[in-house]
Amino acid sequence: MGTTYELTATVREKVGKGAARATRRDGQVPAVIYGGKQPPLAISLASKDVFLKIHGGGFYTTLATIDVGGDKIRAIPRDYQLDPVSDRPVHVDFMRVIEGSRLTIDVPVHFINELASPGIKRGGVLNIVRHTVSVSCPADAIPNEIVADLAGLDINDSLHISHVPLPEGVRTTIARDFTVATIAAPAGVKEEMRAQADAAGKPVEAVAEGAAEGAADAKAGAKPAAGAKPAAGAKPAAGAKPAAAAAKPAAKPAAKK
């Protein structure tokens, strides 16, 4: 679960573009804290501290405790702006977090067990459909990441959110069972399937589905090799013809004259 950090802030007496520029010239970042059924609070933060937190990762999914003149406010970042040239923060928006409340957060997805995926071993490509998932979670239990397991996925298989375990108390904001990732066929296999589809007059998806079903049938059980003897006591299949008659005896010797 997300950890917390603390920032020290001072109240900004003046707001507006001119006041914001003056704050930045002093090595501070203008910010605002809103929500919680309270009026917005304009503050300024140390530029270095904000820079390290933004570029340290997990900025949007980590609660902050902001000390404003001894009054400690729990908040979570909702937005920030960076200077397009220096990449330094120029403004940050925080939302107050009330005890017992729930938040809607975009949590990053982390994929594991790529080497345990038969499709990737065969040259398939991991196609990430969603790098983040929007979830509703308790404010005090924000997950750092959602772990998606790729073990057992073959080419043309899909990983849906219903097969991704979520932490307790966390639920997705999308009702349907959406796709998180797929294992796409490598370029060579795609070209072969496209050629087969053109020859058969079928869409590529139908050929890919048939190939997947064929692979599944092959796994279920292969046919016995040609010439293999049936198991002892096995009955012949209904309608099967009896085996060919035994070889005829050698020709009789010619009659004596």
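All residue numbers refer to position in the chain's written sequence, counted from 1. Side-chain atom pairs in this predicted model are given and counted only at pLDDT of 80 or more, local residue features only at pLDDT of at least 70, and totals for whole chains, interfaces and linings cover all residues. To obtain the side-chain values, all non-hydrogen atoms of the structure were used and water was disregarded.

**Student:** Where do I start with the packing of aromatic side chains in this structure?
**Tutor:** Here the distance between the centres and the angle between the planes together describe a pair of aromatic rings. Each pair of aromatic rings taken from Phe, Tyr and Trp, with Trp reduced to its six-membered ring, is defined by centres within 6.5 Å and is described as stacked if the planes are under 30 degrees apart, edge-to-face if over 60, and tilted in the remaining cases. Considering all chains together, one arrives at three aromatic pairs under this definition. Ring centres of F59 and Y60 lie 6.1 Å apart, and the angle between their planes is 50°; this geometry places the pair in the tilted category. Exposure remark for F59: the relative accessible area of 7% places this residue in the buried category. Each residue's exposure class comes from its accessible area (1.4 Å probe, protein chains only) as a fraction of the maximum for that residue type: buried when under 20%, exposed when over 50%, partly exposed otherwise. For Y60, a relative accessible area of 34% gives the class partly exposed. With a centroid separation of 5.6 Å and 80° between ring planes, the pair formed by F59 and Y80 is classed as edge-to-face.

**Student:** Looking at this structure, I do not really get helix α1 (residues 17-25). What am I missing?
**Tutor:** Helical geometry note: an α-helix holds 3.6 residues per turn, so side chains three or four residues apart project in the same direction. A helix here means a DSSP run of H or I that spans at least four residues, while a strand means a run of E at least two residues long, and both kinds are numbered starting from the N terminus. Looking at α1, one finds that the buried residues are A19, A20 and T23. One face of α1 carries all of its buried residues, which in axial projection span an arc of 100°. Opposite its buried face, α1 presents the exposed residues K17 and R25, each directed more than 90 degrees away. Turning to α1, the residues buried within the fold contact β2 (28-35) and β3 (38-46). Directions drawn from the helix axis to the C-beta atoms are what define this arc. What makes two residues a contact is simply this: any of their non-hydrogen atoms within 4.5 Å.

**Student:** It is not clear to me how the sheet that holds strand β9 (residues 132-138) should be interpreted in this structure. Could you clarify?
**Tutor:** Each pair of strands is called paired provided DSSP finds at least two bridges between the two strands. The strand order β10-β7-β9-β12 describes an open sheet built from four strands, whose pairing is mixed. Across the chains shown, the open sheet's two edge strands, defined by having one partner strand only, are β10 (146-149) and β12 (171-172). Taken together, the two bridges between β9 and β12 define a ladder with antiparallel strand orientation. If you follow S136 over to β12, its bridge partner there is R171.

**Student:** Would you take a moment to explain a positive patch on the surface for this structure?
**Tutor:** Residues form patches when they are more than 30% accessible in relative terms and have no salt bridge. Like charges link within 9 Å. Nonpolar side chains (Val, Leu, Ile, Met, Phe, Trp, Tyr) link within 5 Å. Residue burial considers only the protein chains on display, and all accessible areas are found by Shrake-Rupley using a 1.4 Å probe. By definition, a salt bridge exists where a carboxyl oxygen of Asp or Glu is found within 4 Å of a side-chain nitrogen of Lys or Arg. Under this rule, positive means Lys or Arg and negative means Asp or Glu; His and the chain ends count for nothing. For charged residues, the charge sits on one atom: NZ in Lys, CZ in Arg, CG in Asp, CD in Glu. Side chains of K17, R21, R24 and R25 sit close together on the surface and give a patch of like positive charge. Position of R21 among the secondary structure elements: in helix α1. You can call R21 partly exposed: its relative accessible area is 48%.

**Student:** Help me understand the nonpolar core in this model?
**Tutor:** Nonpolar side chains tend toward joint burial in soluble globular proteins. Nonpolar core, defined: a set of buried Ala, Val, Leu, Ile, Met, Phe, Trp, Tyr and Cys residues in which side-chain atoms within 4.5 Å join the residues together. Ranked by internal contacts, the top residues of the largest apolar core, which has 28 residues, are I76, L103, I105, F111, I142, V164 and V180. Among the elements of the structure, β7 (102-112), β9, β10 and β13 (179-184) are those that each provide at least two residues to this core. Top element by residues in this core is β7. It accounts for five residues. Formed by 18 residues, the second largest nonpolar core is a distinct cluster that contains L7, V29, L45 and F94.

**Student:** Sorry if this is basic, but what is going on with the side chain of R96 here?
**Tutor:** Residue position: R96 is located in strand β6 (residues 89-96). We define a polar contact as two N or O atoms separated by no more than 3.5 Å, with the added condition that, inside protein, one atom must be a possible hydrogen donor and the other a possible acceptor, whereas residues neighbouring each other in sequence contribute only through side-chain atom pairs. A polar atom in the side chain of R96 sits 3.2 Å from the backbone oxygen of P39. Dropping the residues within four chain positions of it, R96 is found in contact with I33, Y34, G35, G36, Q38, P39, L41, I73, R74 and A75.

**Student:** Hey, could you run me through the sheet that holds strand β8 (residues 125-128) in this one?
**Tutor:** Either a parallel or an antiparallel arrangement is found when strands of a sheet pair, and the pairing is made through backbone hydrogen bonds. With respect to topology, three strands assemble into an open sheet ordered β8-β13-β11, the strand pairing being antiparallel. The open sheet terminates on both sides in strands that have one partner only, identified here as β8 and β11 (158-160). Averaged over all pairs of adjacent strands, the angle between their axes in this sheet comes to 15°, without regard to strand direction. Sheet topology places β8 next to β13; four bridges connect them, and they run antiparallel. Within β13, the residue paired with I128 across the bridge is A181. Lines fitted to the C-alpha atoms define the axes, with helices restricted to the stretch that makes contact. Angles between their N-to-C directions range from 0 to 180 degrees.

**Student:** Would you mind going over the confidence of the model for the protein with me for this structure?
**Tutor:** Note: predicted coordinates in regions of low pLDDT should not be interpreted at a detailed level. Known as pLDDT, the predictor's confidence for each residue is given on a scale from 0 to 100. In this model, the protein carries an average pLDDT of 81, and 74% of its residues clear a pLDDT of 70 or more. Within the protein, the lowest mean pLDDT, 52, falls on helix α5 (residues 204-220), and the highest, 97, falls on β11. Counting interchain partners and residues more than four positions distant, the pLDDT-below-50 stretch residues 222-240 has zero contacts.

**Student:** Which parts of the structure should I look at to understand the side chain of D67?
**Tutor:** Secondary-structure assignment places D67 in strand β4 (residues 63-68). No salt bridge forms around the buried D67; measuring N to O, its nearest opposite-charge neighbour K72 is 4.9 Å away. Those residues within four positions of D67 in sequence are excluded, and the remaining contacts are E6, L7, T8, A9 and K72.

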